[in-house]
Number of protein chains: 2
Amino acid sequence: MDATFTRQGMAAALLAGMTLLAQAQTAPKLPSAAETDPARLGWMVGSPPPAEKMLHFADGSHAKFPQFRWSFANWRQFMPSTDVWRGDGGPRRLERAERGDIDGISFVPLGQSEPMTWAQSLQANYTDAIVVLHKGRVVYEKYNGVMTPHTAHMAMSVTKSAFGLLGAMLVNEGRIDETALVTRYVPELKDSAWGDATVRQVLDMTVGVKYSEAYADPKAEIWDHVRANGVLPKPPGYTGPASSYAFLQSLRKEGEHGQAFAYKTVNSDVLGWIIKRVTGKGVGELLSERIWQKLGAEEDAYMLVDPDGVDFAGGGLNATTRDLARLGEMMRLGGQYNGQQIVPKAVVDDIQRGGRKSDFEKAGYKTLPGGSYRDMWWVLHNEDGAFAARGIHGQTLYIDPKAEMVVARFASFPMAANAFNDPTSLPAFQALARHLMASH
Amino acid sequence: MDATFTRQGMAAALLAGMTLLAQAQTAPKLPSAAETDPARLGWMVGSPPPAEKMLHFADGSHAKFPQFRWSFANWRQFMPSTDVWRGDGGPRRLERAERGDIDGISFVPLGQSEPMTWAQSLQANYTDAIVVLHKGRVVYEKYNGVMTPHTAHMAMSVTKSAFGLLGAMLVNEGRIDETALVTRYVPELKDSAWGDATVRQVLDMTVGVKYSEAYADPKAEIWDHVRANGVLPKPPGYTGPASSYAFLQSLRKEGEHGQAFAYKTVNSDVLGWIIKRVTGKGVGELLSERIWQKLGAEEDAYMLVDPDGVDFAGGGLNATTRDLARLGEMMRLGGQYNGQQIVPKAVVDDIQRGGRKSDFEKAGYKTLPGGSYRDMWWVLHNEDGAFAARGIHGQTLYIDPKAEMVVARFASFPMAANAFNDPTSLPAFQALARHLMASH
């Protein structure tokens, strides 16, 4: 999940942000990362925990801030899931070269004038866990709150990039025709928004569909989506779609396809449906076979599933920070890692080249000027050739090829839009990249 | 979970069994293991599966026979769970010494006159997976249906033995006083059946509590239990207890404590509550720290949890067959395994010595004459000193010290009572033990 940044959405988000900033100066400040540390707040501690420390799925308390700072490390306690097996090859060891000079790196956040240190940025971004690789070696690793090296964290929309990658691999193999209509694979979608959309439009999210991800709007379709697929509870008397597939079929076209980038989580779920139809495997199972088992992952990952057992391809991946870093290192190395070519180099190259910038520009992402979106990866088109997977509360896998750097970060930023954490994240990553390049 | 064999319960179960046997001769036979193979039946295959192959938690179809032959290998898809981490020490390798002469071993099932082979017994018992160790080496290993070496299977009441073991370890350490009243640790239970019961009575299940596990009776309290803890769906308009702890508090005393063995799953949940209160840790977390991380388990296990996040200590463990075998081998070796003393030898010795036979005899288990129950383990008191963990659909961890043999078996026997699969299981294990002893 990530916020929709249509022009209107962007305006609304900026307005919300400015309101919050205004409040921050006049009213109680947004509680800080330290104040909302989930270990300090003691969620779910006790037998039973006191009522005010209890998190329940049924009342949605698991999904509120600051409670979700605990839940993101424990989501499988709230809903059904399936295993993404790491295989039996044993972990690919990560060489360690940790260094003490990173916390003090200084940078100026976007739109501000005062500098901030790397260590301060972790707090500013409500970082739960972070692993930085340089030339494949761990130069920085930190766990906060209830996270540990072996804890899987809710990746949210980082999930999309994993399945965009699998989709692009299947296109590369000729098993999916990117120019074909979605309905060639999933005829059930013929009356939906995807009735006349192509697979490529799904992969690059240029489908015109009436579906808003403006989280501040309780009527936005994202809320119907996560009720249908079981990420949030269905209210009493609920009569809407009871599964992911039913929800997708209910969505209608809005505008034209192929004209502009429009970030809509449902495209990833449509891609998941296509992948399952073509391969006969759940996307989590395929992720295990094609990626997780080959990476030398340290731990199993897991996928959240809907009431029909369908993986939430738009946001249901939960993985450890180190394994996310391994995935990033594999991408940095053109698909080759742990002694094998896991993803064809052509697929990684195509992602790095990015999508149509003109499509992306129309979406108005202020923190990603000149960027693009390809196969569900965000491409920055900066001087380092950086590209990223991004989840809505600051989860990210940021790959900087020029600096030979990979940042895997899980976070639980209070507001559901990367526009709020990008200002203290993107320049921090760039400063770290400069620092690592200069010192080697 | 296992059936309650009060005299009345036993009579009802035998009656049900005889009725089924009578039906089997006059009406369609009970479908065989081959006919109900979950891979062959194709549950949950498709995108989406056809309606008649779809299993849902909400309608309870996941928990019916033969559907549960699939569900037992996939239960986390239906409800919340927590991880039982295997640790980062890598797996304890199991040496292999497989031999081809086991399938043909012959034995006579209890109460029958015609012999049966070991291979036939696997079918007769609806075996999903089995690993046999002799002197620590794998002499036999087989996976049926949808099971694989890395698939965790629902262990049901095998769970109890794992937590009985942890409880006994805490008693051994002096952290729990077995002579104390349960209410010393959990005062919330003062008005319940456990108000005047001791910890030892809980550990050995001699508590008098109005709670029936006669699965054939839809009014038996076991059904209220699994609705309260979320293993089965709550019907619309449900107003009963919404958690494990609430359910336990609702149960009242029936008869006297300490007089007779009375198999009641709720005792294990009470033990789980005591353990959590004393250690401050969920039982799954403690199982990871104390056992799973030390065994050199190959895979993480997992625990099913209730809506409050409380582990289902009475039946919620899911583990791989090999890891269950490792647990058994550790018990066979007096608690020492993988280079360390995992469980004090005194604890294992005490379990092997068993409980009071006179208490056990009153429960009338026809297939376990002369047996006893100690710390939630079944002790056979046979010439080999065998003892076992047992789940209600034929899941078992059977340890034969004299034969230096461990059998870890997962099964999905159609009827919920080991009295039905014991006749083709216990003599098979004994015949295998004889065979292994003779050939070495």
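Residues numbered from 1 in each chain as written. Chains lettered and ligands numbered in written order. Predicted model: local features only at pLDDT ≥ 70, side-chain atom pairs only at ≥ 80, totals over all residues. Heavy atoms only, no water.

- If you check an unreviewed UniProt entry, chain A appears there as Beta-lactamase-related domain-containing protein from Roseateles saccharophilus.

1. What about the overall build of chain A?
No. 1: In terms of helices and strands, chain A carries 15 helices and 15 strands.
No. 2: Taking 22 Å as the expected radius of gyration for a compact globule of 440 residues, we find that chain A reaches 20 Å, a close match to that expectation.
No. 3: The principal-axis extent of the C-alpha atoms belonging to chain A is close to 55 × 50 × 45 Å.
No. 4: When contacts within chain A are restricted to residue pairs at least 6 apart in sequence, those whose partners lie at least 24 apart make up 68%.
No. 5: Counting only carbon and sulfur atoms, one obtains 53% of the accessible surface of chain A, whose full area is about 15,800 Å². (Helix = DSSP H or I, 4+ residues; strand = E, 2+ residues; numbered from the N terminus. Rg over C-alpha atoms; globule rule 2.2 N^0.38 Å. Contact = heavy atoms within 4.5 Å. Areas by Shrake-Rupley, 256 points an atom, 1.4 Å probe, with all protein chains shown as cover.)

2. Regarding the nonpolar core
No. 1: Among the nonpolar cores identified, the biggest contains 130 residues, and A:Trp118, A:Val132, A:Leu165, A:Trp194, A:Ile291, A:Met330 and A:Met405 are the most heavily contacted of them.
No. 2: For this core, the leading source of residues is helix H5 (residues 158-172) of chain A, giving nine residues.
No. 3: Not counting the four nearest positions on each side in its chain, A:Leu165 is found in contact with A:Ile291, A:Leu327, A:Met330, A:Met331, A:Val343, A:Val347, A:Ile351, A:Asp375 and A:Trp377.
No. 4: One finds B:Tyr215, B:Val310, B:Ile392 and B:Ala433 within the second-largest nonpolar core, a separate group that totals 125 residues. (Core = buried A, V, L, I, M, F, W, Y, C linked by side-chain atoms within 4.5 Å. Buried < 20%, exposed > 50% of the residue type's maximum accessible area, 1.4 Å probe, protein only.)

3. Remarks on the pattern of salt bridges
No. 1: Under the criterion given, the structure shown has 62 salt bridges over all chains.
No. 2: Between A:Asp196 and A:Lys253 there is a salt bridge, with its nearest N and O atoms 2.6 Å apart. Placement of A:Asp196 in the loop between helix H6 (182-185) and helix H7 (199-203) and of A:Lys253 in the loop between helix H9 (244-249) and helix H10 (265-279) is noted, with a sequence separation of 57 residues between them.
No. 3: In this structure A:Asp196 comes out as partly exposed when scored by relative accessible area, which is 40%.
No. 4: Here B:Arg322 ties to B:Glu141 by a salt bridge, and the two come within 2.6 Å at their closest N and O atoms. Of this pair, B:Arg322 sits in helix H12 (residues 321-332) while B:Glu141 is found in strand E5 (residues 137-143), placing the two residues 181 residues apart along the sequence. Here the two residues B:Arg322 and B:Glu141 agree in accessibility, since each one is buried. (Salt bridge = Lys/Arg side-chain N within 4 Å of Asp/Glu carboxyl O.)

4. Points about the sheet that holds strand E1 (residues 81-84) of chain B
The strands that make up a sheet pair up through hydrogen bonds in the backbone, lying either parallel or antiparallel.
Residue and element names in this part refer to chain B.
No. 1: The antiparallel open sheet is built from four strands, whose spatial order is E1-E7-E8-E6. Looking along the sheet, the strands with just one partner apiece sit at the ends: E1 and strand E6 (153-154).
No. 2: Note that strand E7 (residues 301-304) and strand E8 (residues 317-319) share two bridges and pair antiparallel. Paired with Met 303 across the strands is Leu 317, a residue of E8. (Pairing = 2+ DSSP bridges.)

5. A closer look at the environment of A:Arg76
No. 1: By the secondary structure assignment, A:Arg76 is in the loop between helix H3 (68-71) and strand E1 (81-84).
No. 2: With 119 residues separating them in the primary sequence, A:Arg76 and A:Gly195 have C-alpha atoms 34 Å apart.
No. 3: Once residues lying within four places of it in the same chain are set aside, the contact partners of A:Arg76 are A:Ser81, A:Tyr302, B:Arg76, B:Pro80, B:Ser81, B:Thr82, B:Asp83 and B:Tyr302.

6. Examining the packing of helix H11 (residues 283-295) of chain B against H12(B)
Pairs of packed helices are described in terms of their axes, by the angle between the two and the distance that separates them.
Residues and elements named next belong to chain B.
No. 1: Relative orientation of the contacting elements H11 and H12 amounts to 100°, with a least axis distance of 10 Å. Relative to H12, the element H11 is oriented roughly perpendicular. Contact with H11, carried on its side by Ile 291, Trp 292 and Leu 295, involves Asp 323, Arg 326, Leu 327 and Met 330 of H12 and no other residues of that element.
No. 2: Per-class residue counts for the contact of H11 with H12 are five nonpolar, no polar and two charged. (Axes fitted to C-alpha atoms, helices over the stretch in contact; angles between N-to-C directions. Parallel < 35°, antiparallel > 145°, perpendicular 65-115°, else oblique. Nonpolar A, V, L, I, M, F, W, Y, C, P; charged D, E, K, R; others polar.)

7. Some details on the interface of chain A and chain B
Interface size is commonly expressed as the accessible area that is lost once the parts come together.
No. 1: The interface of chain A with chain B comprises 30 residues on the first partner and 30 residues on the second.
No. 2: Taking both partners together, chain A and chain B bury about 2,400 Å²; carbon and sulfur atoms supply 44% of that area.
No. 3: Counting the surface chain A buries against chain B, the share from its top three residues, A:Ser47, A:Arg76 and A:Gln77, is 26%.
No. 4: Scanning the region where chain A abuts chain B turns up four salt bridges. (Buried area = accessible area lost by both parts, 1.4 Å probe.)

8. Focus: the packing of helix H5 (residues 158-172) of chain B against H11(B)
Residues and elements named next belong to chain B.
No. 1: Contact pair H5 / H11: the axes reach a minimum separation of 11 Å and the direction vectors enclose 70°. As judged from the angle between their axes, H5 and H11 are roughly perpendicular. Contact residues: Ala 162, Phe 163, Leu 165, Leu 166, Met 169 and Leu 170 in H5; Val 283, Gly 284, Leu 286, Leu 287, Arg 290 and Ile 291 in H11.
No. 2: In the contact of H5 with H11, the residues fall into 10 nonpolar, one polar and one charged.

9. Notes on the environment of B:Trp292
All names here are of chain B.
No. 1: Looking at the element boundaries, Trp 292 is found in helix H11.
No. 2: Sequence separation between Trp 292 and Pro 50 is 242 residues; the distance between their C-alpha atoms is 39 Å.
No. 3: Each residue touching Trp 292, except ones within four places of it in the same chain, is listed here: Val 84, Trp 85, Arg 86, Leu 287, Ala 297, Glu 299, Asp 300, Ala 301, Ala 319 and Asp 323.

10. Brief notes about the sheet that holds strand E4 (residues 127-134) of chain A
All names here are of chain A.
No. 1: Ordered in space as E5-E4-E15-E14-E13-E12-E11, the seven strands form an open sheet in which the pairing is antiparallel. On the outer flanks of this sheet lie strand E5 (137-143) and strand E11 (372-374), each paired with one strand and no other. Averaged over all pairs of adjacent strands, the angle between strand axes in this sheet comes to 15°, irrespective of strand direction.
No. 2: The pairing of strand E12 (residues 377-379) with strand E13 (residues 387-390) spans two bridges and is classified as antiparallel. Across the sheet, Trp 378 pairs through a bridge with Ala 388, a residue of E13.
No. 3: Contacts from helix H12 (residues 321-332) reach E4, E5, E12, E13, strand E14 (396-400) and strand E15 (405-411) within the one sheet, and its direction differs from that of E15 by about 145°.

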